[in-house]
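Below are the chains, spelled out letter by letter.
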Amino acid sequence: MLFLVATPIGNLEDISFRAVRILQEADIVACEDTRHARILFERHGIRPRRLVSYHSHNERSRASELAEDLRTGATIAVVTDAGTPGISDPAWAIVREAIMNGVDVVPVPGACAAIAGLSASGMDTSRFVFEGFLPLKKGRKKRLAAIAEETRTVVVYESPHRIKRLLEELKAACGTSRKVAVARELTKHYEEFHRGSLAYVSLAIEQRFPDAVKGECVVILEGKGASEDEQISTEAESQTDL
Ligand code: SAM
């Protein structure tokens, strides 16, 4: 069996009993960074049987080695540095190998920055799009243009040192009044949300961090026309009340 085990995105308590048990029992735990994983293992008294590295630079070659282990009956648990494996993180190659070899792939759900940020963003959560990281150069403008036209809520990952630039680009693509929420340092001591128009939030972030933004961020953007839709449905609701 191949288990995809979600791990905390900051707060080490955000892990399930089941995840701890599987990490303890698996024949092999494949981690993005073994040193990083050890911090979590120590906190929960997990003593993995065998640890191997599995990261973006060795993903393909390691996936075929691990597939061989799966074929011979080993149980493997995959963890990444934070959150859910496969969500803007390695896992895809080994998941594909496992499926091709008829091995069961079992998700062990838990933290995911996109879902945590979205759930508290105040945006419409009934329909949303996960954009992950935007391309750094080629194709970036096209993606921004598509995001601007998207009517569902859009979730974007961005590194701290590029967050100001992303907000400026979104302002240019979507207009200054489009609503946005920036969730920073989720589940950590300094967790905070900046919510409001793109104009307001980009100014608030600039004032809060005149130099470099510290801490990881998720950006949750309101879909195009969502505010007007909300107004229409609120008006319809109050007419029904009458
Ligand atoms: N697999 C992870 C998940 O399930 O969320 C995502 C890993 S991806 C390499 C890292 C990105 O996730 C960061 O750049 C940031 O956008 C987001 N992220 C991770 N931890 C976060 C946190 N504690 N607060 C806000 N965003 C976070």
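Residues numbered from 1 in each chain as written. Predicted model: local features only at pLDDT ≥ 70, side-chain atom pairs only at ≥ 80, totals over all residues. Heavy atoms only, no water.

**Details of the site of the ligand**
Link 1 in the chain: The environment of the ligand is made up of 19 residues, and the closest members are Ile 87, Asp 89, Ala 113, Tyr 157 and Cys 217.
Link 2 in the chain: In the environment of the ligand, a nitrogen atom lies 2.9 Å from a nitrogen or oxygen atom belonging to the backbone of Leu 186.
Link 3 in the chain: Burial of the ligand by the protein amounts to 92% of the accessible area it has alone, namely 570 Å².
Link 4 in the chain: At a threshold of 2 Å from the grid points, most atoms of the ligand map onto the largest pocket.
Link 5 in the chain: Elements represented by at least two residues in the shell around the ligand include exactly β7 (153-158) and β10 (217-221).
Link 6 in the chain: The residue inventory of the shell around the ligand, partitioned by class, reads eleven nonpolar, three polar and five charged.
Link 7 in the chain: A domain-level breakdown of the shell around the ligand finds at least three residues from each of domain 1 (2-108) and domain 2 (113-228). (Near = heavy atom within 4 Å. Polar contact = N/O pair within 3.5 Å; in protein donor to acceptor, adjacent residues only side chain to side chain. Areas by Shrake-Rupley, 256 points an atom, 1.4 Å probe, with all protein chains shown as cover. 1 Å grid on protein atoms, 1.4 Å probe; cavity = no way out; pocket = protein on both sides within 12 Å on 5 of 7 lines; lining within 4 Å. Sits in = over half its atoms within 2 Å of the grid points. Helix = DSSP H or I, 4+ residues; strand = E, 2+ residues; numbered from the N terminus. Nonpolar A, V, L, I, M, F, W, Y, C, P; charged D, E, K, R; others polar. Domains from an automatic or database assignment.)

**Description of the layout of surface pockets**
Link 1 in the chain: There is about 470 Å³ of room inside the largest pocket.
Link 2 in the chain: Around the largest pocket, the lining comprises 23 residues; the ones closest to its centre are Ala 82, Ala 113, Phe 133, Tyr 157 and Glu 216.
Link 3 in the chain: For the lining of the largest pocket, a count of residues per class yields twelve nonpolar, four polar and seven charged. (Points joined across faces, edges and corners; volume = space filled by probe spheres on them.)

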